[in-house]
Amino acid sequence: MKINKKLFWILAILYAAITFILNNVLHTTIGRLLMQLSFLALAFGLILFIYKILTISIKQFIYHRKK
């Protein structure tokens, strides 16, 4: 299932707004859990980004070494 860009951004903005309201304005436990989920997703995204960069650079190094 592929999601289009417009729906993705609507969901992202909605999630950010709900997290902001529940965590910063109302100080609820659900808001804190959503904030922890956001931090976990950010950490996972950064680790995945670094992994992809390293795998691409290693493949390029091996490819250029063979020539």
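The structure we're discussing is the one just above.
These figures come from a predicted structure and were not determined experimentally.

Enquirer: Any chance you could explain a nonpolar patch on the surface here in plain terms?
Expert: On the surface, a nonpolar cluster with roughly 790 Å² of combined accessible area is contributed by Ile3, Leu7, Phe8, Trp9, Leu11, Ile13, Leu14 and Ile18. For phenylalanine 8, the location among the structural elements is in helix H1 (residues 5-25).

Enquirer: Help me out: how do you make sense of H1 in this one?
Expert: Each α-helix turn comprises 3.6 residues. Residues three or four places apart therefore point the same way. The end-to-end C-alpha separation of H1 is 29 Å, in line with the 30 Å expected for 21 residues at 1.5 Å each. Looking one or two places after H1, you find histidine 27, whose phi comes out positive at around 55°.

Enquirer: I would appreciate a short explanation of the side chain of asparagine 23 in the present structure.
Expert: Note that asparagine 23 resides in helix H1. Looking at asparagine 23, the relative accessible area reads 15%, which means it is buried. When neighbours within four sequence positions are excluded, asparagine 23 is seen to be in contact with Gly31, Arg32 and Met35.

Enquirer: Can you help me understand the side chain of threonine 19 in this one?
Expert: As for its position among the elements, threonine 19 is in helix H1. You can call threonine 19 buried: its relative accessible area is 5%.

Cut-offs used in this document
Residues numbered from 1 in each chain as written. Predicted model: local features only at pLDDT ≥ 70, side-chain atom pairs only at ≥ 80, totals over all residues. Heavy atoms only, no water. Patch = residues over 30% accessible without salt bridge, like charges linked within 9 Å, V, L, I, M, F, W, Y side chains within 5 Å. Areas by Shrake-Rupley, 256 points an atom, 1.4 Å probe, with all protein chains shown as cover. Salt bridge = Lys/Arg side-chain N within 4 Å of Asp/Glu carboxyl O. Helix = DSSP H or I, 4+ residues; strand = E, 2+ residues; numbered from the N terminus. Expected span 1.5 Å × (residues − 1). Buried < 20%, exposed > 50% of the residue type's maximum accessible area, 1.4 Å probe, protein only. Contact = heavy atoms within 4.5 Å.

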